[in-house]
2 protein chains.
Amino acid sequence: MALAEFASHGYQKASTNRIVKAAGIGKGMLFYYFTSKQELYEYLVKYSLEFIRSRYLNKVDADEPDLIERLTQLARLKMEAQAENEEVFRFSGVFLLDGETRLPEQLQEKIELMKRDGYRLMYEGIDKSRFRKDLDPDKVFHLIRWSIDGYQQELLARLTGQKLADIDFAPYWEEFYGYLAILKTSFYQTEEGLG
Amino acid sequence: MALAEFASHGYQKASTNRIVKAAGIGKGMLFYYFTSKQELYEYLVKYSLEFIRSRYLNKVDADEPDLIERLTQLARLKMEAQAENEEVFRFSGVFLLDGETRLPEQLQEKIELMKRDGYRLMYEGIDKSRFRKDLDPDKVFHLIRWSIDGYQQELLARLTGQKLADIDFAPYWEEFYGYLAILKTSFYQTEEGLG
DNA sequence: ATAACGTTCGACCAGACTGGTCCACATAAA
DNA sequence: TTTATGTGGACCAGTCTGGTCGAACGTTAT
């Protein structure tokens, strides 16, 4: 799969020979459907952008004001999309950061747009007044974000090698909710303090 | 610098030609002092292990039982060592994970030993009874670790491009202590609750 | 049957780059 | 001058690169 090759080597060091070998097709096929390596790369970027948007970002409820709810939603939807196509997300890590490879202006714009959308989904419209009043809400915001990111990262590290789609995530979500409960107890206002 | 080349390309894809060019020396010199690329790599691994041990790990007070104190110490010492030689730490990220490159058994053992020491410094001898009694101490432990890691990671991302040694870290430590204060207020027992 | 056509393959190309060799040369000590 | 110690970089055989191209394939139309 070409996605995997670009994902693990970047544009420059990706090899068309390895791509065709892994795909089980002849060299001719690749250059019959794509005129060049660059064109293949652009096609994959476009495909990935569309995949991530339709299967992940568009499903997020941007009106959810509660930080933990919002982040939980993001984590869950990302996991689901990632289980559906892992390579796309690995590849996105490449082209979202890569400043070397020259892309058509229009495509580059789409990338920037998705970055901004992702940022907004993570930072905008959060009701920080739900946090304990004696704590700096911006700092609490970051602490919660880092905690959830940390869990997610550690979980993915624990699961390396396994096919995401084959894993029963139920126990992990259970564990995750345990962490969320602690975050709520520690950082949120107590119920009676509201209204 | 050879460290930088191996750090950013790994063993296989690192180029001796680029190394000598970056170092401003002739090809002959490299193979005059080292018989092969492999030997150069091994030398650098050995050098880095020694550097990290003497300038970082050995300075940590493993008897500090307070998690936040311990992690703060780790963060501070790592920053100092990293400012002294950034490349070594970038390179360590490569050879600590790299499972491909075959190293002499003795050297591989040293690497494993350092991994274990690092783990112990992070996880062992922590007094979890200082956390609020209504919270699962193991989960609190992880949440605090993820928070501190998160801040550190975000800070490094903010500072990419700048020479670490030239940065005045005072304001960042100030900011960092702000986060620590919140963690203490939220996760630790109150003073009067002790003894 | 045969011709035409859309596909598919992989041998092949020039060129870039690889780790490593080797020798000319510089400097300085003897 | 002779010898020893460094030092540079042209050069080597070999690998790998993105890309080309003619031959062969399976269908379908004639």
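Not measured: the values here are computed from a predicted model. Sequence positions are assigned chain by chain, starting from 1 and proceeding in written order. To read the labels, note that chains go from A and ligands from 1, taken in the order they are written. Side-chain atom pairs in this predicted model are given and counted only at pLDDT of 80 or more, local residue features only at pLDDT of at least 70, and totals for whole chains, interfaces and linings cover all residues. Heavy atoms from the whole structure form the basis of all side-chain values; hydrogens and water molecules are not counted.

Participant: I keep staring at the protein's contact with DNA strand C and nothing clicks. Help me out?
Facilitator: Think of it this way: one heavy atom of a residue within 4 Å of a molecule or strand is enough to make that residue near it. Close to DNA strand C lie 18 residues; A:M29, A:Y33, B:A14, B:K27 and B:K37 are nearest. Sugar and phosphate atoms form 50% of the subset of DNA strand C atoms that lie within 4 Å of the protein. At a separation of 3.3 Å, a base nitrogen of DNA strand C approaches a polar backbone atom of A:K27. One of the backbone nitrogen or oxygen atoms of B:A14 is found 2.7 Å away from a phosphate oxygen of DNA strand C. Secondary structure elements with two or more residues in the surface near DNA strand C: α3 (27-33) of chain A together with α2 (16-23) and α3 (27-33) of chain B. Counting residues per element, the surface near DNA strand C draws most heavily on α3(A), which supplies 5 residues. Its residues placed into classes, the surface near DNA strand C shows 6 nonpolar, 8 polar and 4 charged. Counted as a polar contact is a pair of N or O atoms within 3.5 Å, where, for protein atoms, one must be capable of donating a hydrogen and the other of accepting one, and residues adjacent in sequence contribute only when both atoms are in side chains. Put simply, DSSP H or I for four residues or longer makes a helix, DSSP E for two residues or longer makes a strand, and each gets a number counted from the N terminus. Residues are grouped as follows: nonpolar covers Ala, Val, Leu, Ile, Met, Phe, Trp, Tyr, Cys and Pro; charged covers Asp, Glu, Lys and Arg; every other residue, Gly included, is treated as polar.

Participant: What am I meant to see in the layout of surface pockets here?
Facilitator: Sizing a probe to match a water molecule and rolling it over the atoms shows the empty space that remains. Residues and elements named next belong to chain A. The pocket and cavity definitions rest on a 1 Å grid over protein atoms only: a 1.4 Å probe that fits but cannot leave marks a cavity, an open set with protein on both sides within 12 Å along at least five of seven lines marks a pocket, and residues lining either have an atom within 4 Å of a point. Grid points are joined across faces, edges and corners, and a volume is the space filled by probe spheres set on the points. Of the volumes computed, that of the second largest pocket is approximately 510 Å³. No other element matches helix α1 (residues 2-13), which puts 7 residues into the lining of the second largest pocket. Class assignment of the residues belonging to the lining of the second largest pocket gives a composition of 4 nonpolar, 10 polar and 6 charged.

Participant: Teacher, can you tell me more about the protein's contact with DNA strand D here?
Facilitator: Taken together, 17 residues lie near DNA strand D, and A:A14, A:T16, A:K27, A:K37 and B:G28 sit nearest. A breakdown of the atoms of DNA strand D within 4 Å of the protein gives sugar and phosphate a share of 50%. Note that a phosphate oxygen of DNA strand D is positioned 2.8 Å from one of the backbone N or O atoms of A:T16. Residue B:Y33 places a side-chain N or O atom 3.0 Å away from a phosphate oxygen belonging to DNA strand D. Secondary structure elements with two or more residues in the surface near DNA strand D: α2 (16-23) and α3 of chain A together with α3 of chain B. Residues that form the surface near DNA strand D fall into these classes: 6 nonpolar, 7 polar and 4 charged.

Participant: Is there a simple way to explain the pattern of salt bridges in this structure?
Facilitator: Two side chains of opposite charge can pair, provided their charged atoms sit close to one another. A side-chain nitrogen of Lys or Arg and a carboxyl oxygen of Asp or Glu constitute a salt bridge if their distance falls within 4 Å. Applying the stated criterion across every chain, the model contains 30 salt bridges over all chains. With its nearest N and O atoms 3.8 Å apart, the salt bridge here joins B:K184 to B:E69. Pair noted here: B:K184 is in helix α9 (residues 170-187) and B:E69 is in helix α5 (residues 67-84), with a separation of 115 residues, a long-range link. Summary of the burial criterion: residues with accessible area below 20% of their type's maximum are buried, those above 50% are exposed, and those between are partly exposed, where the area comes from a 1.4 Å probe applied to protein chains only. Overall, the relative accessible area of 36% leaves B:K184 in the partly exposed class. Salt-bridge contacts for B:R120 lead to B:D117; the nearest nitrogen and oxygen are separated by 3.1 Å. Of this pair, B:R120 and B:D117 are both found in helix α7 (residues 105-123), 3 residues apart, which corresponds to roughly one turn of the helix. The network of salt bridges with shared partners includes A:R53, A:D117, A:R120 and A:E124.

Participant: Please explain the interface of chain B and chain A as it appears in this structure.
Facilitator: As a measure of interface size, the accessible area lost when the parts come together is often cited. Throughout, a contact is declared for two residues whenever any of their heavy atoms are within 4.5 Å. Contact with chain B, which involves 25 residues of that partner, is made by 25 residues of chain A. In total, about 2200 Å² of surface goes out of reach between chain B and chain A, with carbon and sulfur atoms giving 67% of it. Counting across the interface, chain B meets chain A through 2 salt bridges. At the boundary of chain B with chain A, the tally comes to 8 residue pairs in polar contact (both at pLDDT 80 or more). When contributions to the side of chain B that touches chain A are tallied by element, the ones reaching two or more residues are α1 (2-13), α8 (137-158) and α9 of chain B. Buried area is calculated as the accessible area (1.4 Å probe) missing from two parts once they are joined, with the contributions of both summed.

Participant: What should I look at first to understand the packing of aromatic side chains in this one?
Facilitator: Two rings from Phe, Tyr or Trp (for Trp, the six-membered ring) form a pair when their centres are within 6.5 Å of each other. A pair whose planes differ by under 30 degrees is stacked, one over 60 is edge-to-face, and the rest are tilted. Taken as a whole and assessed by the stated rule, the structure comprises 44 aromatic pairs over all chains. Measuring from centroid to centroid gives 6.5 Å for B:Y43 and B:Y47, while their planes differ by 25°, and the two rings are stacked. With B:Y43 and B:Y47 both in helix α4 (residues 37-55) and 4 residues apart, the pair spans about one turn of that helix. Take B:Y43: its relative accessible area is 45%, and that puts it in the partly exposed class. Take B:Y47: its relative accessible area is 37%, and that puts it in the partly exposed class. One aromatic cluster in this structure is built from A:W146, B:Y151, B:W173, B:F176, B:Y177 and B:Y179.

Participant: Looking at this structure, I do not really get a nonpolar patch on the surface. What am I missing?
Facilitator: A surface patch of nonpolar side chains, amounting to about 460 Å² of accessible area, comprises A:I25, A:M29, A:Y32 and A:Y33. The class for A:Y33 is exposed, based on a relative accessible area of 55%. Each patch is assembled from residues with relative accessible area greater than 30% and no salt bridge, linking like charges that lie within 9 Å and nonpolar side chains (Val, Leu, Ile, Met, Phe, Trp, Tyr) that lie within 5 Å. Areas reported here follow the Shrake-Rupley algorithm with a probe of radius 1.4 Å; residue values treat only the protein chains shown as occluding.

Participant: What is the right way to read α2(B) from this model?
Facilitator: A turn of α-helix holds 3.6 residues, and therefore any two residues three or four places apart point the same way. All names here are of chain B. Buried residues of α2: T16, I19 and V20, and no others. Here the buried residues of α2 occupy an arc of 90° about the axis, which is enough to place them on one side. For α2, exposure combined with an orientation more than 90 degrees from the buried face picks out K21 and A22. Considering only its buried residues, α2 is in contact with α1, α3 and α4. Near the N-terminus of α2, the side chain that reaches the backbone nitrogen of N17, with its oxygen 3.2 Å away, is that of S15. Of the residues trailing α2, G24 is marked for its positive phi of about 70°. The arc in question is the one spanned by the directions pointing from the helix axis to the C-beta atoms.

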